[in-house]
Amino acid sequence: MAIWQNLFTRGAADDAAWRRFAVWLLTVFGGGIAIIYLALIVIDPYDTGRFPTFMPAGIPDEHQQVNSASRGRNPAFNAAIFGNSHGQLLSPQRLSAQTGMRFVQMTSPGSGPREQLTFMRYFLRHHPDTQGIVLAADERWCTHDAALPALFQFSPWLYESNFQYLTHILSTRAIVAARKRVMMALGKLPAYDPAGYWDYETGKPWNFHPGTDDKPLRAIATSTDVNRFFPALEALDTFTATLPASLPIVIVMPPQSSQMLPETGTVAANELAVCKEAIARRVQERGRGVFLDYLVDGPRARDPQNFMDRDHYRLPIAREIETAIASALRAANPQQSPPRATPSPPAR
Amino acid sequence: MLFQSQEFVLIFWPLAALAYYAVARSAPARQNILILISLVFYGWWDARFIVLLVGQISISWAMAWLHERTKSNAPLYLGIVLNLASLGTFKYLDFLLASFEGMTGVALPRAHIILPIGISFFSFQLISYLVDRLRNDAPLYAFRPFALFVMLFPHLIAGPIVRHNELVPQFDEDPRRDGMWARIGIGLTLFTLGFAKKVLLADKLANVADPLFAQARDSVLTFGEAWTAALGFTFQLFLDFSAYTEMAIGIALVFGLLLPENFRRPYLSADLREFWRRWHISLSNFIRDYLYIPLGGSRHGVGRYVVATILTMGICGLWHGAGWTYVVWGLWHGVGLAVNRGWQQLNRPLPWVAAWAITMLFVIAGWVLFRAADFPTAASMLRSMAGGNGFSGSLGHLGLLIAGAAASALIPSAYEIKDMRPILNPVTATAMAVLAGLCVLEVGQGPAVNFIYFRF
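Everything quoted here is computed from the prediction, not taken from an experiment.

**Observations regarding the overall build of chain A**
Within chain A, the secondary structure is distributed over 10 helices and 7 strands. In summary, chain A has a C-alpha radius of gyration of 25 Å against a globular reference of 20 Å for 348 residues, an excess of more than 25%. Counting only C-alpha atoms and orienting by the principal axes, one finds that chain A spans roughly 90 × 50 × 45 Å. Buried positions account for 50% of the 348 residues belonging to chain A. When contacts within chain A are restricted to residue pairs at least 6 apart in sequence, those whose partners lie at least 24 apart make up 81%. Per element, the accessible surface of chain A, about 16000 Å² overall, is 59% carbon and sulfur. On chain A, the mean spot of the 34 positive side-chain charges and the mean spot of the 31 negative ones are 6 Å from each other.

Structure representation (structure tokens):
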């Protein structure tokens, strides 16, 4: 008798016991999964507002990769700041006060162009009346990698279609988030700041001692024969093509300490220069916005007091950038004269 | 589509089982359904390679049919060559080009061919059938059961490597025959246990081993780091692959089919020959029957035995991957087996603990070679493990390594579980359901991690 034939013929009683076991297992498993799934839909752990829910607005999670789904659809805002931690210190409250717009922080630490474009599309989908966009575009926007890989833990399904959401929501992480949201609804956990501002400097002692940078000033090199393919910028073009022509976009290349800048004459320096030219040209051609380039060498970049670490500036620098952004947005206001290209602010 | 994905567990498998049992009374209908399901499963990875899979199956069957009609062996040899050519092209072409370039300095363009998933497995199954035809050991099957034997989805991607005579006769058996619920219950249990091993242990061990092996490419690991990486991968590989096998056997059982066993607690082996009787059993049997024995085996003197063993294991290494580290890993085991046999003929058995320790050290060293990106990385890690860079550092993730060791040694194999008489009551059923539910929720955290043997 073949091996598969002398097995499992253990008698009707044995098979009946297995039937009860299998049916019980499948019922508990299927029923349990169904209950959890429905609970997640109803509780809406990330406050995406996709389906009717009895839960109050807001979520208690401080992780920007997930709480952006809540902030990004909040109707209280009509302008947003995008980027990663290099744009994180820009205060939405201060920008709101200086421009009259209602800003929300949509930066996500560690993110790259793919994630930031996803957040931008999500915000615009929920805010067709958007008044202003600020993009803190660091050197990651100069990538040549056409795949634009996600650079950090990222859940794109939170920001895409309902189908994507429904086919990805079932997870341990969502259950933990749902529990927290229930605790928030019961008043036992505070909701995270809906404007999304998180100041990484306050409360931390400054301790950045990079040593003296005595190299010659790293100049913006004349463009030479370098790779001019910037797929992230092309993806940005696709996005901006969908926007109203009157919507101002301010692109900021945030400052970093001088040691982070490529040496003059290197391929990296030339490519950065070409990338900046490409960004400036796009802003110029769009005609409603400005490119603020702070990624330059000079007294600001060489003063350690201006940075928490090699690539994260401090609050005074953030205030300076906010003032320039606000000025650019006011200048781009449709009621006023047509905008002009704004040169890089003078170094401190 | 991976077994350990929500779409497979919650949608594909239940729908497939329902469709199968809806037509179960008709053998042709249930074979047709399984073929359709298997094509959908395979096409989910990359629909382009369905053509390759169906093409290789069709050509191999056509060669067998021609052999039946003409009684000439030529079609069979042609079929074997074509299967080897397909495998060689898709899997080894760039490797051969790189090796030629390395030896001669002549730069050659690379083909950059995408490796069709499962090609190593289904090519070997087709070759085994054609060789059995040459040996008059295989009937000419009708095309439908023959195609199904190769493409049956539970074993299609990463085995077990099933022989035609192990599977084809089962297609005539009505899945609703006596013992149906025992098969379904055991199948669900095996699947759940494999699911848990993969998601709750193997993938966690990958997070320990992968960064350290990556770090070893650029820097020297400490003694502790090297052993953490080596042990982490040792347990990860076994738990990952055995988990896949248990899930495959479990899935097949729900359809009333029994796949062969593939593991039998190999890390309890006290010598290398025993290890290869317990590790990837279907592959071991294949290379024994189709390489080692035709090369002479152990029946033509010591010299022939040594050559057959080393050559067989070298080819086994090459089958695992298009890289010289795999080949050397195979040769390492070939030499080890030859030395093992020589020692056994001295008739001086070691205490079990000593024999086990030596075997495990040998196997672990081999896994370092198997996993390392290149020879310098492997050499650096092995040197660190031997204390050549000092004895600094301690084992990291000790709890996880202990869990991996315990799971590898204590969890019964698929066939041991299959033959057990478990306590069947709502408590054990609920425990299995909760375990399966936890695994489903765990895989929802992010992209599923492929099984290691999917890349072979």
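**Let's talk about the pattern of salt bridges**
By the definition in use, this model includes 24 salt bridges over all chains. Of the charged contacts in the structure, one is a salt bridge between Asp203 of chain B and Lys198 of chain B, with a shortest N-O distance of 2.9 Å. Residue Asp203 of chain B shares its accessibility class with Lys198 of chain B, and that shared class is buried. In the salt-bridge network here, residues are joined through shared partners; they are Asp47, Arg73 and Arg181 of chain A.

**Re helix H8 (residues 267–286) of chain A**
In this model H8 of chain A runs 29 Å from its N-terminal to its C-terminal C-alpha over 20 residues, within 8% of the 28 Å that 1.5 Å per residue would give. Buried residues along H8 of chain A sit against helix H7 (231–240), strand S4 (249–253) and strand S5 (289–293) of chain A.

**Brief notes about the nonpolar core**
Membership of the largest hydrophobic core comes to 198 residues, with the highest contact counts inside it found for Phe8, Phe255 and Trp367 of chain B. The biggest single contributor to this core is helix H10 (residues 223–254) of chain B, with 19 residues. Counting the residues that make up this core, at least three belong to each of domain 1 (6–172) and domain 2 (181–455) of chain B. Setting aside residues up to four positions removed in sequence, Phe255 of chain B forms contacts with Trp13, Ala16, Ala17, Tyr20, Tyr21, Leu34, Phe153 and Pro175 of chain B. Counting residues in hydrophobic clusters, the runner-up holds 28 residues, among them Phe208, Leu292, Ile317 and Leu329 of chain A.

**Some remarks on empty space enclosed by the protein**
In this approach, a probe sized like a water molecule rolls over the atoms, and the result shows the empty space that is left. Residue and element names in this part refer to chain B. This model, assessed by the stated rule, comprises 2 cavities of 30 Å³ or more. Within this model, the largest cavity holds a volume of roughly 70 Å³. Lining of the largest cavity is provided by 15 residues; of these, Ser242, Glu246, Phe263, Ser413 and Ala414 occupy positions nearest its centre. Of all elements in the fold, only H10 and helix H18 (414–418) reach the threshold of two or more residues within the lining of the largest cavity. Considering each element in turn, the lining of the largest cavity owes the most residues, 5 residues, to H10. Classifying every residue of the lining of the largest cavity by side-chain character gives 7 nonpolar, 4 polar and 4 charged. In this structure, the second largest cavity spans a volume of roughly 30 Å³. Taken together, Tyr20, Arg30, Gln31, Leu34, Leu148, Gln170, Phe171, Glu173 and Leu257 make up the full set of residues lining the second largest cavity. Each residue belonging to the lining of the second largest cavity can be placed in one class, and the counts come to 5 nonpolar, 2 polar and 2 charged.

**Re the state of the cysteines**
Such a bond, covalent and formed between the sulfur atoms of two cysteines, is termed a disulfide. Residue and element names in this part refer to chain A. All told, the structure shown has 1 disulfide over all chains when counted by the stated rule. Here Cys142 engages in a disulfide with Cys275; their sulfurs sit 2.0 Å apart. Between Cys142 and Cys275, the S-S dihedral sits near -85°, and the bridge is therefore left-handed. Linking Cys142 in the loop between strand S3 (132–136) and helix H5 (162–166) with Cys275 in helix H8, this pair joins segments that are 133 residues apart in sequence. When its relative accessible area of 11% is taken as the criterion, Cys142 is described as buried. The buried category is assigned to Cys275, whose relative accessible area is 0%.

**Some thoughts on the packing of helix H9 (residues 180–218) of chain B against helix H17 (residues 398–410) of chain B**
All names here are of chain B. Where H9 meets H17, the axes come as close as 10 Å, and the angle between the chain directions of the two elements is 135°. Considering their axes alone, H9 and H17 lie oblique with respect to each other. Along this stretch, H9 crosses H17, giving a crossing that reads as left-handed. Between H9, through Leu201, Lys204, Leu205 and Val208, and H17, the contact on the second element is made entirely by Leu400, Leu401, Ala403, Gly404 and Ala407. Classifying every residue of the contact of H9 with H17 by side-chain character gives 7 nonpolar, 1 polar and 1 charged.

**Comments concerning helix H1 (residues 6–22) of chain B**
Here H1 of chain B is 17 residues long and its end C-alpha atoms lie 23 Å apart, about the 24 Å a rise of 1.5 Å per residue gives. A bend of about 35° at Phe12 of chain B is the largest found in H1 of chain B, and the proline Pro14 of chain B appears one to four places after it.

**Thoughts on a nonpolar patch on the surface**
A cluster of nonpolar residues, Trp343, Leu346, Leu350 and Ile358 of chain B, forms a patch on the protein surface that exposes about 380 Å² of accessible area. Structurally, the position occupied by Leu346 of chain B is in helix H14 (residues 324–346).

**Quick word on the pairing of strand S1 (residues 79–83) of chain A**
Looking down a regular strand, the side chains alternate between one sheet face and the other. Residue and element names in this part refer to chain A. Of all 5 residues that make up S1, 5 are buried, and the element is covered over most of its length. The two faces of S1 match: Ala79, Ile81 and Gly83 on one face and Ala80 and Phe82 on the other face are all buried. Both S1 and strand S2 (residues 103–105) contribute to a ladder of 3 bridges, which runs parallel. Paired with Ala79 across the two strands is Phe103, which belongs to S2. Chirality of the crossover, the property in question, places the unit of S1, helix H3 (residues 92–99) and S2 among those that are right-handed. Bridge count between S1 and S3: 5 bridges; the pairing is parallel. Bridging from a neighbouring strand, Ala79 pairs with Gly132 of S3.

**Quick word on the interface of chain B and chain A**
Taken residue by residue, the interface counts 43 residues in chain B and 29 residues in chain A. At the boundary of chain B with chain A, total buried surface from both sides reaches about 3100 Å², with 72% on carbon and sulfur atoms. Three residues, Trp181, Leu424 and Leu441 of chain B, lead the burial of chain B against chain A; their summed loss comes to 22% of the area buried on that side. The tally of links from chain B across to chain A stands at 7 residue pairs in polar contact (both at pLDDT 80 or more). Among the secondary structure elements, those contributing two or more residues to the side of chain B that touches chain A are H1, helix H8 (164–167), H9, H18 and helix H19 (426–443) of chain B.

**Remarks on the confidence of the model for chain B**
Summarising the model, chain B shows a mean pLDDT of 91, and 98% of its residues fall at 70 or more. What the predictor reports for the complex is a pTM of 0.87 with an ipTM of 0.88.

**Remarks on the sheet that holds S2 of chain A**
All names here are of chain A. Strand order in the open sheet formed by 5 strands is S2-S1-S3-S4-S5, with parallel pairing between adjacent strands. Two strands bound the open sheet, and with one partner strand each, they are S2 and S5. Averaged over all pairs of adjacent strands, the angle between their axes in this sheet comes to 15°, without regard to strand direction. Running at roughly 160° to S2, H3 makes contact with S1 and S2 of the sheet. Strands S4 and S5 of the sheet are contacted by H8, whose axis makes an angle of about 160° with S5.

Parameters at a glance
Residues numbered from 1 in each chain as written. Chains lettered and ligands numbered in written order. Predicted model: local features only at pLDDT ≥ 70, side-chain atom pairs only at ≥ 80, totals over all residues. Heavy atoms only, no water. Helix = DSSP H or I, 4+ residues; strand = E, 2+ residues; numbered from the N terminus. Rg over C-alpha atoms; globule rule 2.2 N^0.38 Å. Buried < 20%, exposed > 50% of the residue type's maximum accessible area, 1.4 Å probe, protein only. Contact = heavy atoms within 4.5 Å. Areas by Shrake-Rupley, 256 points an atom, 1.4 Å probe, with all protein chains shown as cover. Lys, Arg positive; Asp, Glu negative; His and termini not counted. Charge placed at Lys NZ, Arg CZ, Asp CG, Glu CD. Salt bridge = Lys/Arg side-chain N within 4 Å of Asp/Glu carboxyl O. Expected span 1.5 Å × (residues − 1). Core = buried A, V, L, I, M, F, W, Y, C linked by side-chain atoms within 4.5 Å. Domains from an automatic or database assignment. 1 Å grid on protein atoms, 1.4 Å probe; cavity = no way out; pocket = protein on both sides within 12 Å on 5 of 7 lines; lining within 4 Å. Points joined across faces, edges and corners; volume = space filled by probe spheres on them. Nonpolar A, V, L, I, M, F, W, Y, C, P; charged D, E, K, R; others polar. Disulfide = S-S within 2.5 Å. Axes fitted to C-alpha atoms, helices over the stretch in contact; angles between N-to-C directions. Parallel < 35°, antiparallel > 145°, perpendicular 65-115°, else oblique. Left-handed = near helix turned anticlockwise from the far one by under 90°. Bend = angle between axes of the 7 residues up to and from the residue. Patch = residues over 30% accessible without salt bridge, like charges linked within 9 Å, V, L, I, M, F, W, Y side chains within 5 Å. Pairing = 2+ DSSP bridges. Right-handed = clockwise from strand over helix to strand, strands pointing away. Buried area = accessible area lost by both parts, 1.4 Å probe. Polar contact = N/O pair within 3.5 Å; in protein donor to acceptor, adjacent residues only side chain to side chain. pLDDT = per-residue confidence, 0-100.

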